[in-house]
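Okay, here's what each chain looks like letter by letter:
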Amino acid sequence: MPVDLPLVPGHQLTAGQDGGAIVRRSVLPGGVRVLTETMPGLRSATLGAWVGVGSRDERDGHHGATHFLEHLLFKGTGRRSALDIAEAFDAVGGEANAATGKEHTCYYARVLDADLPMAVDVIADMVTSARLDPGELEIERGVILEELAMNDDDPSDVAHEQFAAAVLGRHPLGRPIGGTPSTIRAVPRDAVWEHYREHYTAPALVVTAAGGVDHDTLCAQVTDALDAAGWDLDPSTVPAPRRTASEAWAPEAGTELVVRRATEQANVVVGGVGLTATDERRYALSVLSAVLGGGMSSRLFQEIRERRGLAYAVYSFSSGHADTGLFGLYAGCAPERVEEVERLMVEQAVRLAEEPITGAELDRSIGQLSGGLVLGMEDTGSRMNRLGKAELVQGELVSVSEALERIRSVTAAEVQDLAAELLGRPRSVVRVGPFGAGG
């Protein structure tokens, strides 16, 4: 059975996992949550410091601040310069990085087990005591603008970003994670500082680690680091609540959007609202996506690439959030074949809704997902991420064996019913390529 992760001060739990791994969780003073997965025989560990804040949480005047912080926390604290932070990990052959999402941000490091105390000290220092130096901020403003320009030069990135905006519209999740050139140029240092002070607090902090890690030692190190930073570590503090949605959000109508780019290929995305991150049908969605566009044997790949030679890349994709999600189909093709490729993608999706998938397709997709899940859990980074998302998103820890069982329990009828529901929702289309104003 899944293990519940209650938001209760002082709560402790231990759960055995596949392969002899042990997961432990402690709610520390201040509401800080620490989760570890000890993996026998490993000499490395991956550490993550998660904050339950993403681009959707930016209020007016703060747009772009979340992504700005991802960069600025590496630019120095009261104890360390940016070079000190970089040298600390380079000196031990480790690596450190960060990722900003629409609903959370994670700062992580992979090091040898013996160097984990250093990683805890440096990452905690960054999270609690960033200086956000005005000079460094202006330098990093230029770096972020270059990052956005790089992404804007990739037409597939543009297609996916514009698809999210087209489907979600004015919903905060429709905004780009990294901000836009205009918001990055406009956001002042005071707004970034306010965003940092508002959201980077003990109740919102989740620390996860996997590999050669001792849970009690890590908890002591985290507590010492936060106490040294002056954070409020009241034992009665309740962890920050997880995101909930009273009802799923859906647009009233679909949108068609053409983005002109002087490219050799056209990029097209078709789809709409998918499932929330906690919807129990997410396992059926995984099977649906695998059958439709999840590999070389999928219907989209076989029909559009193998039989007709119309595209090199064609696939389906999905993402889930607290109150909505996305499901779409993507292809890159010659501009003059866009309408044909778009029609074929929709036809394959309609087939899923009108007739059950075959037993062979069901078995193959379940095998593909099962193998991918197990192989994806072979490294400490994946295990660390699993713990963070379990804590921040699901509110429960599902073992690999339990996840496999949920995938294997999906039926052809469930896939067909879900396909019909998704197709019944408003459909949006985004085309990026060398089109005129009329498409």
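Residues numbered from 1 in each chain as written. Predicted model: local features only at pLDDT ≥ 70, side-chain atom pairs only at ≥ 80, totals over all residues. Heavy atoms only, no water.

1. A look at the packing of helix α11 (residues 338-354) against helix α15 (residues 412-423)
Then, in step 1: For the pair α11 and α15, interaxial distance at closest approach is 7 Å and the crossing angle is 130 degrees. In terms of orientation, α11 lies oblique with respect to α15. In this structure, α11 crosses over α15, and the sense of that crossing is left-handed. Contacts from A349, V350, L352, A353 and E354 of α11 reach α15 at Q416, A419, A420 and L423.
Then, in step 2: By residue class, the composition of the contact of α11 with α15 is 7 nonpolar, 1 polar and 1 charged. (Axes fitted to C-alpha atoms, helices over the stretch in contact; angles between N-to-C directions. Helix = DSSP H or I, 4+ residues; strand = E, 2+ residues; numbered from the N terminus. Parallel < 35°, antiparallel > 145°, perpendicular 65-115°, else oblique. Left-handed = near helix turned anticlockwise from the far one by under 90°. Contact = heavy atoms within 4.5 Å. Nonpolar A, V, L, I, M, F, W, Y, C, P; charged D, E, K, R; others polar.)

2. Some words on the nonpolar core
Then, in step 1: Counting residues in hydrophobic clusters, the biggest one holds 52 residues, and the most contacted among them are L73 and Y107.
Then, in step 2: With 7 residues, helix α3 (residues 116-129) is the single largest residue contributor to this core.
Then, in step 3: Residues contacting L73, with those up to four places away along its chain left out, are I85, Y107, M126, V127, A130, L132, Y196 and Y200.
Then, in step 4: Of all hydrophobic cores here, the second largest spans 45 residues; its members include V314, C333, M345 and L362. (Core = buried A, V, L, I, M, F, W, Y, C linked by side-chain atoms within 4.5 Å. Buried < 20%, exposed > 50% of the residue type's maximum accessible area, 1.4 Å probe, protein only.)

3. Side note on the layout of surface pockets
Then, in step 1: Considered as a void within the structure, the largest pocket measures approximately 1600 Å³ in volume.
Then, in step 2: Where the lining of the largest pocket is concerned, the elements lending two or more residues are β6 (95-100), β7 (105-112), α9 (282-293), β11 (311-320), α12 (359-376), α13 (380-394), β13 (396-397) and α14 (400-408).
Then, in step 3: Residues that form the lining of the largest pocket fall into these classes: 22 nonpolar, 18 polar and 6 charged.
Then, in step 4: Taken as a whole, the second largest pocket holds about 670 Å³ of empty space.
Then, in step 5: Sorting the residues of the lining of the second largest pocket by element identifies α4 (134-152), α5 (155-168) and β11 as the ones contributing at least two each.
Then, in step 6: Looking at which element gives the most residues to the lining of the second largest pocket, the answer is α5, with 6 residues.
Then, in step 7: Of the residues in the lining of the second largest pocket, the class split is 8 nonpolar, 10 polar and 6 charged. (1 Å grid on protein atoms, 1.4 Å probe; cavity = no way out; pocket = protein on both sides within 12 Å on 5 of 7 lines; lining within 4 Å. Points joined across faces, edges and corners; volume = space filled by probe spheres on them.)

4. A look at the pairing of β7
Then, in step 1: One ladder, built from 8 bridges, connects strand β5 (residues 44-51) with β7; its direction is antiparallel. Its bridge partner being in β7, A49 is matched across the sheet by Y107.
Then, in step 2: As consecutive antiparallel partners, β6 and β7 are separated by 4 residues. (Pairing = 2+ DSSP bridges.)

5. Thoughts on the pattern of salt bridges
Oppositely charged side chains can pair when the atoms bearing their charge come close.
Then, in step 1: In total, this model carries 34 salt bridges according to the counting rule given.
Then, in step 2: The partner of E194 in a salt bridge is R59, and the shortest N-O contact between them spans 3.9 Å. Here R59 lies in the loop between β5 and α1 (65-72) and E194 lies in helix α7 (residues 189-199), a separation of 135 residues in the sequence.
Then, in step 3: Residue R59 is classed as partly exposed on the basis of its relative accessible area of 43%.
Then, in step 4: For E391, the salt bridge goes to R242, with nearest N and O atoms at 2.7 Å. Taken together, the positions of E391 in helix α13 and R242 in the loop between α8 (215-228) and β9 (256-260) put the pair 149 residues apart, joining distant regions of the chain. One exposure class covers both E391 and R242, and it is buried.
Then, in step 5: Through salt bridges that share partners, R25, R33, R242 and E391 make up one connected network. (Salt bridge = Lys/Arg side-chain N within 4 Å of Asp/Glu carboxyl O.)

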